[in-house]
Amino acid sequence: QQPVQSPQAVILREGEDAVINCSSSKALYSVHWYRQKHGEAPVFLMILLKGGEQKGHEKISASFNEKKQQSSLYLTASQLSYSGTYFCGSISNFGNEKLTFGTGTRLTIIP
Amino acid sequence: NAGVTQTPKFQVLKTGQSMTLQCAQDMNHEYMSWYRQDPGMGLRLIHYSVGAGITDQGEVPNGYNVSRSTTEDFPLRLLSAAPSQTSVYFCASSSRVRGSYNEQFFGPGTRLTVL
């Protein structure tokens, strides 16, 4: 089952902050964040693993609340280059190899 | 390294035709996956593989077959194309970290139209 993302779309001015949320009806082992620009392939941003380990982007942070089965991606002081569609993917438990993605959040940054 | 390559980039099929989308990676990754992307639907997992000789179904496997005879290659076969299979198809590969997916590398995609 796909994780659920919110909001579906957001428009920001350059320099503003954004939060994108991802939730699952199942227990989460790991959450994966990707960004996709129009006409291109998705690009890796971050992995958050159960137990607190994180791997990813320097300028983007994220949280992972295992009990609430939620993750949030924080984009601070947004830049024009942050525009794109953000996807969260989830693995429901250790050893489960099905990485499924949400429907995406479209972020538009305007000057 | 070429990363993940996909061929063809564009394809037009008639209903009922069959074809194979090719995917190859040169990073010695264990995990490989096929996704389709339709407007408003995000990335939906079709099939995936955790190693040569091992494949499994994803969320939307009907109408597609896969095989993985080598670590490098993971072709996706459309058995009898239908207009509902018009989509952009992405192949991805990943190594393993703590028993799960590491960073996934996506290919450039194949844009398929079924008439």
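Residues numbered from 1 in each chain as written. Chains lettered and ligands numbered in written order. Predicted model: local features only at pLDDT ≥ 70, side-chain atom pairs only at ≥ 80, totals over all residues. Heavy atoms only, no water.

### Brief notes about the sheet that holds strand β3 (residues 18-23) of chain A
Residue and element names in this part refer to chain A. Strand order across the open sheet formed by 4 strands is β1-β3-β8-β7, with antiparallel pairing between neighbours. Strand pairing shows two members of the sheet lacking a second neighbour, β1 (4-6) and β7 (60-65), which therefore form its edges. Strand after strand, the sheet turns through a mean of 15° between neighbouring axes, direction not considered. Both β7 and strand β8 (residues 70-75) contribute to a ladder of 6 bridges, which runs antiparallel. Bridge pairing links S63 to S72 in β8. (Pairing = 2+ DSSP bridges. Helix = DSSP H or I, 4+ residues; strand = E, 2+ residues; numbered from the N terminus. Axes fitted to C-alpha atoms, helices over the stretch in contact; angles between N-to-C directions.)

### Side note on the environment of S69(B)
Residues and elements named next belong to chain B. Within the secondary structure, S69 is located in the loop between β7 (64-66) and β8 (76-78). Residue S69 is classed as exposed on the basis of its relative accessible area, which comes to 67%. As a C-alpha pair, S69 and E30 span 39 residues in sequence and 12 Å in three-dimensional space. (Buried < 20%, exposed > 50% of the residue type's maximum accessible area, 1.4 Å probe, protein only.)

### Quick look at the state of the cysteines
Counting across every chain of the model gives 2 disulfides over all chains. Disulfide pairing is shown between C22(A) and C88(A); the S-S distance is 2.0 Å. Between C22(A) and C88(A) the sulfur-sulfur dihedral comes to about 75°; the bridge is accordingly right-handed. Residue C22(A) is located in strand β3, and its partner C88(A) is located in strand β9 (residues 84-91); the two are separated by 66 residues in the primary sequence. With respect to class, C22(A) is no different from C88(A); both count as buried. The disulfide bridge from C23(B) ends at C91(B), spanning 1.8 Å between sulfur atoms. Measuring handedness by torsion sign, the sulfur bridge of C23(B) and C91(B) sits at about -70° and is left-handed. (Disulfide = S-S within 2.5 Å.)

### Side note on the interface of chain A and chain B
Many authors give the size of an interface as the accessible area that is lost as the parts come together. At the junction of the two partners, chain A supplies 26 residues and chain B supplies 25 residues. Across the interface of chain A and chain B, roughly 2200 Å² is buried in total on both sides, 56% from carbon and sulfur atoms. The largest contributions to the chain A side of the interface with chain B come from E97(A), K98(A) and F101(A), which together make up 25% of the buried area. The tally of links between chain A and chain B comes to 0 salt bridges. Scanning the region where chain A abuts chain B turns up 5 residue pairs in polar contact (both at pLDDT 80 or more). Contributions of two or more residues to the side of chain A that touches chain B are made by β4 (30-36), β5 (43-49), β9 and β10 (100-101) of chain A. Considering each element in turn, the side of chain A that touches chain B owes the most residues, 4 residues, to β4(A). (Contact = heavy atoms within 4.5 Å. Buried area = accessible area lost by both parts, 1.4 Å probe. Salt bridge = Lys/Arg side-chain N within 4 Å of Asp/Glu carboxyl O. Polar contact = N/O pair within 3.5 Å; in protein donor to acceptor, adjacent residues only side chain to side chain.)

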